[in-house]
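The chain contents come next:
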Amino acid sequence: MSDCIFCQIVAGDIPSRTVYEDDTVLAFLDANPLARGHTLVIPKSHHETLGELPSDIGSDVFAALHELTPAVEAAVDADGSTVAFNNGEEAGQEVPHVHGHIVPRFAGDGGRPIHSLFGSRPDLSEDELDDIAAAIEDGA
Ligand code: 5GP
Ligand code: ZN
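A brief report on the enclosed structure follows. Going along each chain's sequence as written, the residues are numbered from 1 onward. Whichever chain is written first becomes A and whichever ligand is written first becomes 1, with later ones labelled in order. This being a predicted model, a pLDDT of at least 70 is required before a residue's local features are given, and a value of 80 or more before pairs of side-chain atoms are given or counted; all residues contribute to the totals for chains, interfaces and linings. The basis for the side-chain values is all heavy atoms of the structure; hydrogens and waters are excluded.

## Section: the packing of aromatic side chains
Item 1. Working definition: rings of Phe, Tyr and Trp (its six-membered ring) pair if their centres are within 6.5 Å, and the pair is stacked with planes under 30 degrees apart, edge-to-face with planes over 60 apart, and tilted otherwise. By the definition in use, this model includes one aromatic pair.
Item 2. Each ring, one from F6 and one from F28, has its centre 5.4 Å from the other, and the planes form 75 degrees; the classification is edge-to-face. Taken as a pair, F6 in helix 1 (residues 5-11) and F28 in strand 2 (residues 25-29) lie far apart in primary sequence, 22 residues in all.
Item 3. Classification of F6 as buried rests on a relative accessible area of 6%.
Item 4. Residue classification places F28 among the buried residues on the basis of a relative accessible area of 2%. In this description a helix means any DSSP run of H or I spanning at least four residues, a strand means any run of E spanning at least two, and both kinds are numbered starting from the N terminus. Here's how the labels work: a residue is buried when its accessible area is under 20% of the maximum for its type, exposed when over 50%, partly exposed in between, all with a 1.4 Å probe on protein chains only.

Structure (structure tokens):
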């Protein structure tokens with residue numbers, strides 16, 4: 001996609017600080033990092049969300065996340081990391097090319113867990129939980 005920033009990075013038209021590359025995956029430092037070492041992991045092919053990613057490429061992206069997360073943590077001497085996808089515009093995804101964030105975390109960094117994204121939690125009955133679980137199982 002010629003108007004996609006991340007496709008332009010893959011093509012080499014926009015520079016990036018690349019930290020990993022293989023046939024299907026690219027990883028590079030985030031240009032506006034939330035923490036030292038904030039890294040983005042993307043498929044080289046253009047897909048907007050996780051659900052649109054072919055499963056073999058999804059596996060490749062996860063394998064890269066698995067390999068890179070400890071490497072990113074070690075590079076900046078982090079105590080842990082938050083690994084997350086903003087999946088879809090309503091979830092805060094600004095670049096419509098699927099990407100995983102590896103955000104190094106440090107003791108006392110003031111960051112919060114992903115649970116803090118939500119101010120309240122839905123009050124779901126046992127029946128509703130059963131129905132939701134069944135619907136997810138059917139769709140997987
Ligand atoms: P999103 O909100 O879509 O999950 O995150 C997009 C991320 O891409 C942001 O953290 C932003 O800083 C990063 N970003 C946007 N444009 C560029 C760019 O041109 N180069 C790099 N390296 N990162 C970018
Ligand atoms: Zn793209």
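Moving on from the coordinates now.
## Thoughts on the coordination of the zinc ion (ligand 2)
Item 1. Think of the donor list as every N, O and S atom within 2.8 Å of the metal, or within 3.2 Å for Na, K and Ca; water never makes the list, so a site can look incomplete. Looking at the metal site, the zinc ion (ligand 2) is ligated by C4 (SG), C7 (SG), H46 (ND1) and H97 (ND1), spaced 2.0 to 2.3 Å from it.
Item 2. Geometry is assigned from the angles between donors: four donors with all angles from 85 to 135 degrees make a tetrahedral site, four or six donors whose opposite pairs exceed 155 degrees while the rest stay between 65 and 115 make square planar or octahedral sites respectively, and everything else is labelled irregular. Coordination geometry of the zinc ion (ligand 2): the four donor atoms subtend angles of 107 to 118 degrees at the metal centre, consistent with an arrangement described as tetrahedral.
Item 3. Donor residues for the zinc ion (ligand 2), ordered by position in the chain, follow C-x2-C-x38-H-x50-H. Taken together, the residues span a long stretch of sequence, with C4 in the segment before helix 1 and H97 in the loop between strand 4 (80-84) and strand 5 (100-105) at a distance of 93 residues. This pair shows no difference in class: C4 is buried, exactly as H97 is.

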